[in-house]
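So you can see what is in the structure, the chains are spelled out below.
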Amino acid sequence: MFGRRFDDINLKGDLFGGVTTAIISLPLALAFGVASGAGAEAGLWGAIMVGFFAALFGGSNTLISEPTGPMTVIMTAVLTSMMAKYPETGMAMTFTVVMMAGHFRSCLAL
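Residues numbered from 1 in each chain as written. Predicted model: local features only at pLDDT ≥ 70, side-chain atom pairs only at ≥ 80, totals over all residues. Heavy atoms only, no water.

1. A short note on the overall build of the chain
Here comes step 1: Helix and strand counts for the chain come out as four helices and zero strands.
Here comes step 2: In sequence order, the secondary structure elements of the chain are arranged as α-α-α-α.
Here comes step 3: When burial is assessed residue by residue, the chain has 15% of its 110 residues classed as buried.
Here comes step 4: Here the analysis covers contacts within the chain between residues at least 6 apart in sequence; of these, 45% occur between residues at least 24 apart. (Helix = DSSP H or I, 4+ residues; strand = E, 2+ residues; numbered from the N terminus. Buried < 20%, exposed > 50% of the residue type's maximum accessible area, 1.4 Å probe, protein only. Contact = heavy atoms within 4.5 Å.)

See below:
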């Protein structure tokens, strides 16, 4: 199912890479959460989920999955429009948009 991807496991390198990415992306994630209007906790959870899903569904040896500046602008627009139109379900709908975008992106990478 997963092919040769798990045949060449480098646990020490993967652990070091994960810790390095977490240290670098933590302040960035908190700042992006505040900038998006969802709060620092949302930024933290967003970074955790991005890392989790990137690891679960695969990435590349040269890509570090973390929040980026342009994505903050896009997510702010999506979040504010969804919350304005659907106050009770806007956050869940925003999450759905993010998951669909990630799915479409992973389908294009194949």
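2. A look at the environment of Thr76
Here comes step 1: With respect to the element layout, Thr76 can be found in helix H3 (residues 69–85).
Here comes step 2: Judged by its relative accessible area of 22%, Thr76 is partly exposed.
Here comes step 3: Sequence separation between Thr76 and Ala38 is 38 residues, and the spatial gap between their C-alpha atoms is 8.5 Å.
Here comes step 4: Setting aside residues no more than four positions away along its own chain, Thr76 makes contact with Ala35 and Ser36.

3. Quick notes on the environment of Ala92
Here comes step 1: Its location among the elements puts Ala92 in helix H4 (residues 90–109).
Here comes step 2: A residue is classified by how much of its surface remains accessible, and Ala92, at 49% relative accessible area, is partly exposed.
Here comes step 3: Ala92 sits 13 residues away from Leu79 along the chain, and the two C-alpha atoms are 9.7 Å apart.

4. What to know about a nonpolar patch on the surface
Here comes step 1: Together, Leu26, Leu30, Leu44, Trp45, Ile48, Met49 and Phe52 make up a nonpolar patch on the protein surface, roughly 600 Å² of accessible area in all.
Here comes step 2: With respect to the helices, strands and loops of the structure, Leu44 is situated in helix H2 (residues 40–57). (Patch = residues over 30% accessible without salt bridge, like charges linked within 9 Å, V, L, I, M, F, W, Y side chains within 5 Å. Areas by Shrake-Rupley, 256 points an atom, 1.4 Å probe, with all protein chains shown as cover. Salt bridge = Lys/Arg side-chain N within 4 Å of Asp/Glu carboxyl O.)

5. Re helix H1 (residues 11–36)
Here comes step 1: With 26 residues, H1 should reach 38 Å at 1.5 Å per residue; the first-to-last C-alpha distance of 35 Å fits that figure.
Here comes step 2: Maximum bend of H1: about 40°, positioned at Ser25, with proline Pro27 one to four residues after it.
Here comes step 3: Listed in full, the buried residues belonging to H1 are Thr21, Ser25, Ala29, Phe32, Gly33 and Ser36.
Here comes step 4: In the stretch just after H1, Gly37 is the one whose phi turns positive, near 95°. (Expected span 1.5 Å × (residues − 1). Bend = angle between axes of the 7 residues up to and from the residue.)

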